[in-house]
Each structure stands twice: as structure tokens, then as C-alpha cells.
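Topology and contacts: notes
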Amino acid sequence: VITLNVPTASATNRGALSSADWSKFNNATLGSFGASFDGMGSVVLVNTKTYFRMQKAGTITEWSIVAEGTSPTATFDVWKIASGTALPTVANTIFGTKPALATGNAITSTTLTGWTTTFAANDIFAVNVDACSAATKLQLLIKVIYS
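These remarks concern the structure in this document.

On to the overall build of the chain, then. Broken down by element type, the chain carries one helix and nine strands. For the chain, the α and β elements follow one another from N to C terminus as α-β-β-β-β-β-β-β-β-β. Against the 2.2 N^0.38 benchmark of 15 Å for 147 residues, the chain shows a C-alpha radius of gyration of 19 Å, more extended than a compact globule. By its C-alpha atoms, the chain is 75 × 40 × 20 Å across when sized along the principal axes.

Quick look at the structure:
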């Protein structure tokens with residue numbers, strides 16, 4: 001008889017998944033949310049925003065920006081408020097370090113420094129263009145794992 005003692009995996013230890021972690025992993029759904037802005041041939045205006053309500057709860061894992069234009073730059077802010085009748089404002093930002101495009105036409109990052117990465121079902125979000133230069137079309141895409 002050979003007995004193997006495999007530890008439960010954690011952030012610092014390799015090992016087997018616990019039953020709870022396996023269920024969470026096995027039932028996870030990958031998805032994304034975001035916003036696209038079209039300047040209709042002109043540079044996208046700063047403080048342009050859009051609002052939407054999330055259907056499910058989840059956790060943010062990554063972000064990306066794509067911009068059309070010659071040497072475009074852009075910075076976004078995302079605001080979140082619990083379900084209700086109010087819209088989120090800048091006071092409800094979920095970011096520490098805001099996602100920004102400084103060179104090229106596309107960027108992707110998993111760096112979420114200072115972000116509030118979790119959200120509940122029915123939370124209301126706003127995506128705001130904080131800064132924009134030379135971009136006639138912009139898209140912010142945020143990848144998530146829905147719980």
C-alpha cells in the first residue's frame with residue numbers, strides 16, 4: 001500500500017484543488033465587457049461615456065485597448081455602483097491605475113494595481129474616456145470570470 005499525501009493547492013503551494021475550488025473552476029464562465037467609441041472621423045471626445053448593467057457577478061482578470069488613428073493615446077476610467085436607480089460617477093471609480101494606451105494601436109494587460117476587481121450581479125457600470133489624442137475609434141475590453 002502506497003499512501004500519497006498531496007497538499008491542497010494555494011497561492012503559494014502546488015497541490016490538488018480542494019472540492020470548493022474545483023467546483024468554482026468547473027462552473028466558471030469566461031466573458032468580457034467594455035465599450036467602443038466612434039468619433040465619426042474626428043478624435044473621440046474626452047468625457048464620452050456609456051452605461052450598462054451586469055447580468056452576473058464576476059471578477060475582472062485582464063484589460064485591453066484598441067485605437068484607430070496615427071499615434072493615438074487614450075486613458076479610460078470605469079465606474080461601478082450597486083444596483084438601484086442612480087448612475088455611477090467618477091467618485092465610484094474601480095481603478096487605482098487606469099488602463100491607458102501610450103504607444104502603438106493596441107495594448108493588453110493583466111496588471112490590475114489598485115483595482116476593485118469583483119462585482120455583483122446587477123451592478124451598474126460606466127466606461128468613461130478620460131483622455132484621448134488622435135484616436136478616431138476606441139475600444140476598452142475587460143475580460144472577466146463570471147461566478
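To continue, consider the environment of methionine 40. Inspection of the secondary structure assignment puts methionine 40 in the loop between β1 (29-38) and β2 (49-53). Take methionine 40: its relative accessible area is 69%, and that puts it in the exposed class. Placed 96 residues apart in sequence, methionine 40 and threonine 136 show a C-alpha to C-alpha distance of 6.9 Å.

Our focus in this paragraph is the packing of aromatic side chains. Under the counting rule described, the total for this entry stands at eight aromatic pairs. Plain terms: the ring middles of phenylalanine 33 and phenylalanine 52 are 5.5 Å apart, the flat faces sit at 55° to each other, and that makes the pair tilted. Here the residue phenylalanine 33 occupies a position in strand β1, and phenylalanine 52 occupies one in strand β2, the gap between them amounting to 19 residues. Phenylalanine 33 sits in the buried class, given a relative accessible area of 7%. Where phenylalanine 33 meets phenylalanine 119, the ring centres are 6.0 Å apart and the plane angle is 85°; that geometry is what we call edge-to-face. Here phenylalanine 119 lies in strand β7 (residues 118-119) and phenylalanine 33 lies in strand β1, a separation of 86 residues in the sequence.

With that settled, the discussion passes to the environment of glycine 31. Looking at the secondary structure, you find glycine 31 in strand β1. Residue class for glycine 31 comes out partly exposed when judged on its relative accessible area of 22%. Sequence separation of glycine 31 and lysine 143 is 112 residues, and the distance between their C-alpha atoms is 5.9 Å. Contacts of glycine 31, omitting those with residues within four sequence positions, involve Ile142, Lys143, Val144 and Tyr146.

Reading guide: rules and limits
Residues numbered from 1 in each chain as written. Predicted model: local features only at pLDDT ≥ 70, side-chain atom pairs only at ≥ 80, totals over all residues. Heavy atoms only, no water. Helix = DSSP H or I, 4+ residues; strand = E, 2+ residues; numbered from the N terminus. Rg over C-alpha atoms; globule rule 2.2 N^0.38 Å. Buried < 20%, exposed > 50% of the residue type's maximum accessible area, 1.4 Å probe, protein only. Phe/Tyr/Trp six-rings, centres within 6.5 Å; stacked < 30°, edge-to-face > 60°. Contact = heavy atoms within 4.5 Å.

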